[in-house]
Amino acid sequence: MAFDIEMIKGVYTTMGERVNKAREIVGKPLTLSEKILYSHLWDGTPNKAFQRGKDYVDFAPDRIACQDATAQMALLQFMQAGKSKVAVPTTVHCDHLIQAKDGAAADLKNANSVSSEVFNFLESVSNKYGIGFWKPGAGIIHQVVLENYAFPGGMMIGTDSHTVNAGGLGMVAIGVGGADAVDVMAGMAWELKFPKLIGVKLTGKLSGWTAPKDVILKVAEILTVKGGTGAIVEYFGPGAISMSCTGKGTICNMGAEIGATTSTFGYDESMERYLRATERADVADAANKVKEHLTADAEVYANPEQYFDQVIEINLSELGPLLNGPFTPDLSTTVGKAMTEKAKANDWPIKVEWGLIGSCTNSSYEDLSRASSIAQQAIDKGLKMKAELGINPGSEQVRYTAERDGILGIFENLDAKIFTNACGPCIGQWARYSDPKNAPKNSIVHSFNRNFAKRADGNPNTHAFVASPEITAAIAIAGRLDFNPLTDKLINENGEEVMFDEPTGWELPPKGFAVDDNGYLAPEADGSHVQVSVKDDSERLQLLTPFEPIGDSITGAKLLIKAFGKCTTDHISMAGPWLRFRGHLDNIANNTLIGAVNAFNKKTNFVKNQLTGDYGGVPDVQREYKKAGIKTIVVGDHNYGEGSSREHAAMQPRHLGVAAVIVKSFARIHETNLKKQGMLGLTFANEADYDLIQEDDTFNFLDLNAFAPGKQLTLEVVHTNGTKDTIKLNHTYNDAQIAWYNEGSALNLIKKQNA
Ligand code: SF4
């Protein structure tokens with residue numbers, strides 16, 4: 001059994017009491033999001049009301065999911081914690097490291113050869129520490145989670161931003177960095193700023209060509225890519241209830257594209273149907289007993305303006321199919337004529353080269369069946385594909401069932417490529433070009449979630465548009481971006497004019513789901529004997545060595561770089577080709593800060609080595625300081641470390657010997673990551689002091705031995721002309737975080753406590 005029914009029953013047992021207490025404390029009816037949040041407090045029963053968007057709160061998530069790219073460093077860190085097992089149910093999913101090229105069989109074989117070392121490592125660590133392991137080809141993390149683990153009213157975290165997909169089954173599911181996941185695996189609390197709440201009331205009913213995807217494309221148009229930041233989006237209303245569970249998953253999935261913390265729906269019959277169809281009748285039975293806690297209080301949905309920070313209303317009966325893009329998921333265009341005009345005005349190629357159906361967003365049985373109904377019509381009406389078509393089923397269970405029911409055969413009759421049950425083109429794992437940087441301008445349409453430049457195929461000239469699977473299929477068959485299947489005719493092989501009928505499909509497979517080998521490997525009950533092997537000469541994996549404490553004396557430190565302007569986690573630790581080194585700290589450290597702009601020459605990866613006077617790349621210069629036993633500091637501007645929550649952006653400088661990062665202000669998660677890795681993350685008490693820092697400066701911390709919560713630190717800045725400035729630095733370390741610093745890292749402290 002993949003899921004843990006006893007854990008779920010445990011959540012439901014305490015939920016009623018906690019929700020009732022929360023309602024009493026908050027003093028008003030509760031939204032679903034609040035019910036889930038207040039019933040997952042680390043301290044148990046609520047005893048105070050939290051301010052939305054202000055208070056940081058410790059939570060106790062029910063489960064964790066990790067994908068193969070992020071799991072490597074997360075598990076390498078967990079191995080440092082000195083625990084014999086993960087503290088909460090955890091799964092690892094191998095889906096990102098499989099390139100789409102020749103079709104599923106050949107591509108999977110190739111991935112198993114190219115990344116065997118990484119897969120074997122993840123499998124053995126999972127087996128050792130009680131983690132469920134989903135093999136390459138088993139499916140895309142979020143579809144597999146929805147099919148096997150998500151449950152109404154639960155809370156989960158995952159080391160992937162589209163973890164939010166599980167909101168389709170009524171969860172609060174949130175994407176986090178590996179360091180956060182490691183904390184929870186090790187039995188610690190997980191901190192989150194209590195989110196704001198956006199209510200989306202769905203009235204009317206989807207029909208014809210309109211799909212759940214169009215709902216979220218519309219929400220993205222309304223809220224834009226930033227509009228959901230710091231908020232949970234809660235969907236409700238008759239339109240919500242009328243939609244399938246996987247359709248709800250699609251909507252929640254793309255909540256990541258509007259920056260939302262997560263999105264969710266109240267428990268309803270579509271969820272019950274989905275739970276029973278995926279062999280979780282006992283979860284449905286348990287949920288039915290606590291139904292009233294798995295949706296908002298009736299008063300909330302009756303008068304949403306009083307309970308949400310923002311309310312949006314969408315009438316599904318009036319919604320039409322949308323095409324969002326290119327380069328951003330919030331740029332909406334109604335299919336058809338509006339696109340003709342927009343494409344002409346913006347010089348977007350009208351001819352469509354590829355249609356891609358899949359990704360964690362739209363790869364359910366329902367998605368494939370509706371798209372296949374369009375493909376079948378093309379065959380029946382004598383139409384030939386004008387573009388190429390690629391399909392990534394969401395899971396082996398979906399693929400096997402779709403194959404059994406003839407759905408995949410329909411696509412194959414149109415010469416579509418059936419790729420592996422994996423991310424593939426959605427994460428740039430698509431061997432479309434030999435030289436993507438110099439590839440031609442073109443348009444593609446896909447049912448994925450993200451469409452920024454280079455995302456799918458590495459070609460900056462690819463204009464990617466996002467649509468529902470059925471619209472993607474129709475546009476790929478027509479080969480035109482501005483094709484409107486509701487009104488436009490196509491000419492078939494016999495020269496006749498034909499039109500598509502509306503798509504049809506099944507919410508769930510009429511003959512039930514089936515699968516031969518779902519790709520799941522359960523861990524051994526006692527994994528203590530399992531050996532985790534990492535080759536000494538591996539370029540992709542490296543066991544971690546605990547960081548030495550930096551200590552309470554930092555003198556004679558040199559400036560590594562004074563970063564100018566925006567410095568995101570991508571500037572600190574780039575993605576792209578560096579992805580392959582995510583499990584090898586020393587190798588990936590060779591990209592440390594190579595994207596940051598040096599304030600003194602406005603160049604990237606070009607800093608002065610104070611030991612030689614020469615200029616060089618940031619990692620190379622830093623390695624010279626490390627060799628000489630000299631500590632360094634990094635100086636930055638506002639919101640330093642914004643972007644992803646990846647812990648590599650803190651671990652890499654730490655590994656290379658940077659002792660402190662001093663900035664005007666931090667992105668909060670990066671600041672916490674620095675603290676977790678036992679570094680100093682400090683801010684200028686007087687922002688203007690940033691301007692005092694010169695290229696050849698030397699730094700002495702004058703009172704680090706008195707490091708204490710709420711007490712400023714003093715830094716002496718020695719300039720080459722012999723003059724000195726003494727500046728004050730603020731910090732937000734509490735006692736526990738100072739203990740992390742003193743021990744060298746949060747993990748060192750956990751290990752010590754275990755011992
Ligand atoms: Fe991320 Fe795309 Fe994979 Fe989904 S399918 S997990 S969005 S890479």
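What you see as residue numbers is a count from 1 along each chain, following the sequence as written. In view of the model being predicted, local features appear only for residues whose pLDDT reaches at least 70, and side-chain atom pairs are presented and counted only at 80 or more, with totals across whole chains, interfaces and linings using the full set of residues. To get the side-chain values, take all heavy atoms of the structure and skip hydrogens and water.

An unreviewed UniProt entry annotates the protein chain as Aconitate hydratase A of Algibacter luteus. UniProt positions are given in the numbering used here, feature names are shortened, and annotations may be inferred rather than shown by experiment. UniProt, in its Cofactor (unreviewed entry) section for the protein chain, records the words "[4Fe-4S] cluster". UniProt lists a comment for the protein chain under the heading Pathway (unreviewed entry), and it reads "Carbohydrate metabolism; tricarboxylic acid cycle; isocitrate from oxaloacetate: step 2/2."

1. A closer look at the domain arrangement of the protein chain
When the parts of a complex come together, some accessible area is lost, and that lost area is often used as the size of the interface. Start and end positions for the domains come from either an automated domain assignment or a database one. Domains assigned within the protein chain are domain 1 (5-318), domain 2 (322-431 + 438-485) and domain 3 (557-754). Relative to domain 3, the C-alpha centre of domain 2 lies at a distance of 43 Å.

2. Quick notes on helix α22 (residues 648-656)
Between buried and exposed lies partly exposed: a residue is buried under 20% and exposed over 50% of the maximum accessible area for its type, with that area taken using a 1.4 Å probe on protein chains only. A run of DSSP states H or I qualifies as a helix once it reaches four residues; a run of E qualifies as a strand once it reaches two. Both are numbered from the N-terminal end. Most of α22 is tucked away: 9 of the 9 residues are buried. Within the sequence span of α22, burial applies to H648, A649, A650, M651, Q652, P653, R654, H655 and L656. Elements that come into contact with the buried residues of α22 comprise α3 (68-78), α19 (569-572), α20 (585-588), α21 (618-627), β26 (658-663) and α23 (668-676). Just beyond α22, the residue with positive phi is G657, at close to 105°. Any two residues having at least one pair of non-hydrogen atoms within 4.5 Å are treated as being in contact.

3. Points about the side chain of R455
Here R455 lies in the loop between β17 (442-446) and β18 (462-466). Although R455 lies buried, it forms no salt bridge, and the closest oppositely charged side chain, E257, sits 6.8 Å away as judged by the N-O distance. From its side chain, R455 meets the backbone oxygen of C426 in a polar contact 2.6 Å long. For R455, the contacting residues outside a window of four places in its chain are P425, C426, I427, G428, N449 and R450. Neither His nor the chain termini are counted; the positive set is Lys and Arg, and the negative set is Asp and Glu. Each salt bridge in this description consists of a side-chain nitrogen of Lys or Arg and a carboxyl oxygen of Asp or Glu lying within 4 Å of one another. Think of a polar contact as two N or O atoms within 3.5 Å of one another; within protein, one of them needs to be a possible hydrogen donor and the other a possible acceptor, and neighboring residues in sequence only count if both atoms come from side chains.

4. Topic: the sheet that holds strand β3 (residues 90-93)
Strand order in this open sheet of 6 strands is β6-β5-β2-β3-β4-β21, and the pairing throughout is mixed. Sheet topology places β6 (172-175) and β21 (520-521) at the edges, where each strand pairs with a single neighbour. Any two strands with at least two DSSP-identified bridges between them are counted as paired. The pairing of β3 with strand β4 (residues 132-134) spans 3 bridges and is parallel. The residue bridging H93 from the neighbouring strand is W134, located in β4.

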